[in-house]
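Architecture and fold: a report
Here are the chains, one letter per residue:
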Amino acid sequence: MGGRHDRLPHRTLVQLAVEELLINKIPPRAEQEINLELKVKYSEESGKVELELLYAGVEYNPFTDDDEEDELSLRILSNMTSNVGFEYRNELNFLKMEV
């Protein structure tokens, strides 16, 4: 084996973080069908994976959700990520994090 994918650190964590966001956090809050744009960046220099997520609709930061039903999902995300940034402008949500 030893292909390029084997060098990607935390591949499983990246997948879990994306699944939590795209299945358990963002779609249930959407008032209508939403379009999402996901960018994944990897730095060989730092070994970090950066996720950038852009989605339209009402303002919603999955990391500040105080819904008790989503507490487990929020804990999972918080334990897997760092340097989380969120911005809302022009009815667009911008979410950035490192895994």
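Higher on the page you've got the structure.
All of the points below concern the structure found in this document. Quick caveat: nothing in here was measured; it's all calculated off a predicted structure.

Details of the packing of helix H1 (residues 11-25) against helix H2 (residues 71-80)
Helices that pack against each other are described as a pair by the angle of their axes relative to one another and the distance between those axes. The geometry of H1 relative to H2 is characterised by a closest axis approach of 10 Å and an angle of 150° between their N-to-C directions. With respect to H2, the element H1 is oriented roughly antiparallel. Where H1 crosses over H2, the two elements pack in a sense that is left-handed. Here Leu13, Leu16, Ala17, Glu20, Leu21, Asn24 and Lys25 of H1 come into contact with H2, specifically with Ser73, Leu74, Ile76, Leu77 and Met80.

Here we look at the pattern of salt bridges
Per the stated rule, a full pass over the model turns up 6 salt bridges. With a closest N to O distance of 3.8 Å, Glu37 and Lys39 form a salt bridge. Measuring nitrogen to oxygen at the nearest pair gives 3.8 Å for the salt bridge that ties Glu98 to Lys48. One end of the pair, Glu98, is in strand E4 (residues 92-98); the other, Lys48, is in the loop between strand E1 (36-42) and strand E2 (49-56), and 50 residues separate them in sequence. Each of Lys41, Glu52 and Lys96 takes part in a single network of salt bridges with overlapping partners.

Points about the environment of Val40
Along the polypeptide, Val40 turns up in strand E1. The exposure class of Val40 is partly exposed, given its relative accessible area of 48%. For the pair Val40 and Val14, spaced 26 residues apart in sequence, the C-alpha to C-alpha distance is 9.0 Å.

Comments concerning H1
Between its first and last C-alpha, H1 extends 20 Å over 15 residues, near the 21 Å set by a 1.5 Å rise per residue. Among the residues of H1, Val14, Ala17, Val18, Glu20, Leu21 and Lys25 are the ones counted as buried. In this structure, the buried residues of H1 make contact with E1, E2, H2 and E4.

Overview of the side chain of Asn93
Structurally, Asn93 can be placed in strand E4. The exposure class assigned to Asn93 is buried, which follows from its relative accessible area of 0%. One polar contact links the side chain of Asn93 to the main-chain carbonyl oxygen of Val58, over a distance of 3.1 Å. When residues no more than four places from it in sequence are discounted, the contact partners of Asn93 are Leu53, Leu54, Tyr55, Ala56, Gly57, Val58, Glu59, Tyr60, Phe86, Glu87 and Tyr88.

About the thresholds
Residues numbered from 1 in each chain as written. Predicted model: local features only at pLDDT ≥ 70, side-chain atom pairs only at ≥ 80, totals over all residues. Heavy atoms only, no water. Axes fitted to C-alpha atoms, helices over the stretch in contact; angles between N-to-C directions. Helix = DSSP H or I, 4+ residues; strand = E, 2+ residues; numbered from the N terminus. Parallel < 35°, antiparallel > 145°, perpendicular 65-115°, else oblique. Left-handed = near helix turned anticlockwise from the far one by under 90°. Contact = heavy atoms within 4.5 Å. Salt bridge = Lys/Arg side-chain N within 4 Å of Asp/Glu carboxyl O. Buried < 20%, exposed > 50% of the residue type's maximum accessible area, 1.4 Å probe, protein only. Expected span 1.5 Å × (residues − 1). Polar contact = N/O pair within 3.5 Å; in protein donor to acceptor, adjacent residues only side chain to side chain.

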